[in-house]
Amino acid sequence: MTDRFRTIIEPFRIHSVEDIALTDIDQREAALRRVRYNLFGLHADEVTIDLLTDSGTGSMSSSQWAGMMLGDESYAGSRSFFRFKEAVERLTGMPEVIPTHQGRAAERILFTETVSSGATVPNNTHFDTTRANVEYQGGEAIDLVTPEGLDPENRDPFKGNMDLERLEVSLDDPSTTIPLVMVTVTNNSGGGQPVSMANLRGVSSLCQKRGVPFFLDACRFAENAWFVKMREPEFESHTPAAIAAEMFSLADGCTFSAKKDGLANIGGFLAMRDPELAERCRNLLILTEGFPTYGGLAGYDLEAIAQGLEEVVSESYLRYRIRSTEYLAEKMSAAGVPIVQPPGGHAVYLDAKRLMSHLSPEQYPAQALAVEIYRTGGVRGVEIGSVMFGQPGPNGDEVPAPMELVRLAIPRRTYTQSHIDYVAEVVIDTAARAREIPGYRITYQAPWLRHFTAEFEPI
Ligand SMILES: Cc1ncc(COP(=O)(O)O)c(C=O)c1O
């Protein structure tokens, strides 16, 4: 494409189409009552634009679909596994590659082998499954993102960075056992914000000096690499692949959900350098996921992921990807809707604490906003606030999450600009009525990851 034109176009054309549901407000109201105001309970056919997650919801390329026809379904030693392993090794430089059915399976295996009761795992911000898997082993998951990362209005370019001073204090605290340190790129639960290479180097060096392994939660490594290219002068002339390679070179291992920057609908992996830990992880893999050359995946899934890992570091794809998220953010922000600034890579996060300041955290303002956006226009986002991250307090009360956000996650290569224009219109209309939106109370909750199945009623 010539540089003379400003418009950043989708670097693909549509090859196959899928109908979407166009519903009216009465249908949406009935659906909300039926699912007790939990948007996870909706049937996909009740949703017009589904921004619940960018995980596994993207469109695969014709090369990925073609690659699936080459899937080798041998139980052991499948050709597709070796293609997958080679792609992961090329990307990460890590020789031990363990396929898993998705990211959380990699987390569960890693933490079962490394975290024991009373141990502490620092992260910039743990994703919900990461936190839950640490806590399930009896460990404590602590979030050490920099203060800038907790201020939705702060425009720091790397708001996913780990607070290195607090990490050092934790690492040197003799009463704390730290089996590993994680950094999530990009920082999903903190607004999809990137982590700089300088910060990754800092974490790596602190860990190395103390012999503590450093793992990346690498779900969105390519989006992070693009931000590094755009915002860290040292890397402006590097390719995204070279930047990604450098990020991985700083780590001892990683967990990965291929449903994000693997551009696949399912899959993941655990990769590392330590052969002894890898052997223990593989034994556990066999117990619950499958033989180490398929790890709960079909041969055709391994092919799709191997191809996806090659496509995701394309500059034209990443330029379009990050720009299309920014485009939605700019439209809403220009209309006065408070959002986390600057916008992250895979999603725009609405700041419900500011927009819905008439509601207290116990009234779940972000849940209320997400429900109202669906009611208004059939757009499904997800609450990332006190429903997801509220913690039990000392007196049976609840300690609210630091931020009350609604995440509008953009599936990869799926929606066009007019879909995104529609989303902006729906959100702007909803925000104009924010003060009239009621809060919610929880009427049912599960002991783990309650946001998936909780039931609510309007207050
Ligand atoms: C940062 C992060 N880590 C881990 C996971 C878990 O991956 P999966 O959904 O494949 O289990 C996700 C999924 O959204 C994520 O965003």
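Every chain's residues receive numbers from 1 upward, in the order its sequence appears when written. Since the coordinates come from a predicted model, pLDDT governs what is reported: local features require at least 70, and pairs of side-chain atoms require 80 or more to be given and counted, while whole-chain, interface and lining totals use all residues. No hydrogens and no water enter the side-chain calculation; it runs on all heavy atoms of the structure.

Undergrad: Can you help me understand the pattern of salt bridges in this one?
TA: Two side chains that carry opposite charge are able to pair once their charged atoms sit near each other. For this document, the term salt bridge refers to a Lys or Arg side-chain nitrogen within 4 Å of an Asp or Glu carboxyl oxygen. Per the counting criterion, the structure on display carries 37 salt bridges. Its salt-bridge partner being Asp54, residue Arg412 comes within 2.9 Å of it at the nearest N-O pair. Here the residue Arg412 occupies a position in the loop between β14 (405-409) and α16 (417-432), and Asp54 occupies one in the loop between β1 (49-50) and α2 (62-68), the gap between them amounting to 358 residues. The exposure class of Arg412 is buried, given its relative accessible area of 2%. Taking the shortest distance from any N to any O, the salt bridge between Glu315 and Lys229 comes out at 3.8 Å. On the criterion of sequence distance, the pair formed by Glu315 in helix α12 (residues 315-334) and Lys229 in helix α8 (residues 221-231) is long-range, its members being 86 residues apart. Because the salt bridges share partners, they merge into one network encompassing Glu29, Arg33, Glu372, Arg375, Asp429 and Arg433. In this description a helix means any DSSP run of H or I spanning at least four residues, a strand means any run of E spanning at least two, and both kinds are numbered starting from the N terminus. We call a residue buried when its accessible area falls under 20% of the maximum for its residue type, exposed when it is over 50%, and partly exposed in between, using a 1.4 Å probe and counting protein chains only.

Undergrad: Hey, could you run me through the environment of Val97 in this one?
TA: Inspection of the secondary structure assignment puts Val97 in strand β2 (residues 96-100). Contacts between residues were defined by any pair of non-hydrogen atoms, one from each residue, lying within 4.5 Å. Once you skip the residues sitting within four places of it in the chain, Val97 turns out to touch Phe81, Phe84, Lys85, Val88, Glu89, Leu270 and Arg282.

Undergrad: Explanation requested: the nonpolar core in the structure shown.
TA: Considering soluble globular proteins, one finds that nonpolar side chains tend to be buried as a cluster. Within the largest apolar cluster, 58 residues are counted, with the highest numbers of intra-cluster contacts made by Leu200, Leu216 and Phe221. If one sorts the elements of this core by residue count, α8 sits on top with 6 residues. Once you skip the residues sitting within four places of it in the chain, Leu216 turns out to touch Met182, Val183, Val185, Leu200, Met247, Phe248, Ala251, Gly253, Cys254 and Thr255. For the purposes of this section, nonpolar cores are sets of buried Ala, Val, Leu, Ile, Met, Phe, Trp, Tyr and Cys residues that join through side-chain atoms within 4.5 Å.

Undergrad: Just to check I follow, could you spell out the pairing of strand β5 (residues 181-184) for this structure?
TA: Every regular strand shows the same layout, with side chains that alternate between the two sheet faces. Neither face of β5 is left uncovered, since the one carrying Val181 and Val183 and the one carrying Met182 and Thr184 both have all their residues buried. Direction of pairing for β5 relative to strand β6 (residues 214-217): parallel, over a ladder of 4 bridges. Paired with Val181 across the two strands is Phe214, which belongs to β6. Taken together, β5, helix α7 (residues 197-210) and β6 constitute a β-α-β crossover, and its handedness is right-handed. A pair of strands is considered paired only if DSSP assigns at least 2 bridges between the two. Seen with its strands pointing away from the viewer, a crossover is right-handed if its path from the first strand over the helix to the second goes clockwise.

Undergrad: What's the story with helix α1 (residues 25-34) in this structure? I'm lost.
TA: The α-helix winds at 3.6 residues per turn, so residues separated by three or four positions along the chain end up facing the same way. Arg28, Glu29, Ala31 and Leu32 are the residues of α1 that are buried. Each buried residue of α1 sits inside an arc of 160 degrees when the element is viewed along its axis, so together they form one side. Within α1, the exposed residues directed more than 90 degrees away from the buried face are Asp26 and Arg33. Looking at the packing, one finds that the buried side of α1 touches α14 (365-377). The residue sitting at the N-terminus of α1 and contributing the capping side-chain oxygen is Asp24; that oxygen lies 3.2 Å from the backbone nitrogen of Asp26. Positive backbone phi, approximately 50 degrees, marks Arg36, located one or two places after α1. Note: the arc covers the axis-to-C-beta directions of the helix. Think of a polar contact as two N or O atoms within 3.5 Å of one another; within protein, one of them needs to be a possible hydrogen donor and the other a possible acceptor, and neighboring residues in sequence only count if both atoms come from side chains.

Undergrad: Where do I start with the site of the ligand in this structure?
TA: Inspection of the region around the ligand gives 15 residues, with Arg104, Asn188, Asp217, Ser257 and Lys260 positioned closest. Interatomic distance of 2.8 Å between a side-chain N/O atom of Asn188 and an oxygen atom of the ligand. Within the side chain of Arg220, one N or O atom sits 2.9 Å away from an oxygen atom of the ligand. Notes on the ligand: free accessible area 390 Å², of which the protein chains cover 97%. The greatest single-element share of the shell around the ligand, amounting to 3 residues, is contributed by helix α4 (residues 103-114). When the residues that make up the shell around the ligand are grouped by side-chain class, the tally is 2 nonpolar, 7 polar and 6 charged. We call a residue near a molecule or strand as soon as one heavy atom of that residue lies within 4 Å of the molecule or strand. Accessible areas in this description were obtained via Shrake-Rupley with a 1.4 Å probe; residue shielding takes into account the shown protein chains only. For this classification, the nonpolar set comprises Ala, Val, Leu, Ile, Met, Phe, Trp, Tyr, Cys and Pro, the charged set comprises Asp, Glu, Lys and Arg, and every other residue, Gly included, is treated as polar.

Undergrad: It is not clear to me how the layout of surface pockets should be interpreted in this structure. Could you clarify?
TA: Empty space among the atoms can be located by rolling a probe the size of a water molecule over them. With a 1 Å grid laid over protein atoms only, a set of points is called a cavity when a 1.4 Å probe fits there but cannot get out and a pocket when it is open yet has protein on both sides within 12 Å along at least five of seven lines; lining residues have an atom within 4 Å of a point. Grid points are joined across faces, edges and corners, and a volume is the space filled by probe spheres set on the points. Its volume calculated, the largest pocket comes out at about 1,300 Å³. Lining the largest pocket are 38 residues, with Ser16, Glu18, Ser59, Arg413 and Thr414 sitting closest to its centre. Contributing elements (two or more residues each) for the lining of the largest pocket: α2 and α12. The residue inventory of the lining of the largest pocket, partitioned by class, reads 14 nonpolar, 15 polar and 9 charged.

Undergrad: So what exactly am I meant to see when it comes to α14 here?
TA: The terminal C-alpha atoms of α14 lie 19 Å apart, and with 13 residues this matches the ideal 18 Å at 1.5 Å per residue to within 8%. Of all 13 residues that make up α14, 13 are buried, and the element is covered over most of its length. Immediately downstream of α14, the backbone of Gly378 shows phi near 75 degrees, a positive value. For a helix, the expected span equals 1.5 Å multiplied by the number of residues minus one.

Undergrad: Even after reading the chapter, I still don't get the packing of aromatic side chains, so can you show me in this structure?
TA: The relative placement of two aromatic rings is captured by the distance of their centres and the angle of their planes. A pair of aromatic rings is counted whenever rings of Phe, Tyr or Trp (Trp by its six-membered ring) have centres within 6.5 Å, and the orientation is called stacked for planes under 30 degrees apart, edge-to-face for over 60 and tilted otherwise. A full pass over the atoms with the stated rule returns 14 aromatic pairs. Seen in terms of ring centroids, Phe12 and Tyr320 are 5.4 Å apart; in terms of plane orientation they differ by 85 degrees. Their pairing is edge-to-face. Of this pair, Phe12 sits in the segment before α1 while Tyr320 sits in helix α12, and the two are 308 residues apart along the sequence. Under the relative-accessibility criterion, Phe12 is labelled partly exposed at 29%. When its relative accessible area of 7% is taken as the criterion, Tyr320 is described as buried. For the ring pair Phe81 and Phe82, a centre distance of 5.2 Å and an interplane angle of 70 degrees mean the geometry is edge-to-face. The exposure class of Phe81 is buried, given its relative accessible area of 5%. Through a chain of ring-to-ring contacts, the aromatic side chains of Phe81, Phe82, Phe84, Phe221, Phe248, Phe256 and Phe269 assemble into a single cluster.

None of this, on its own, says anything about what the molecule does.
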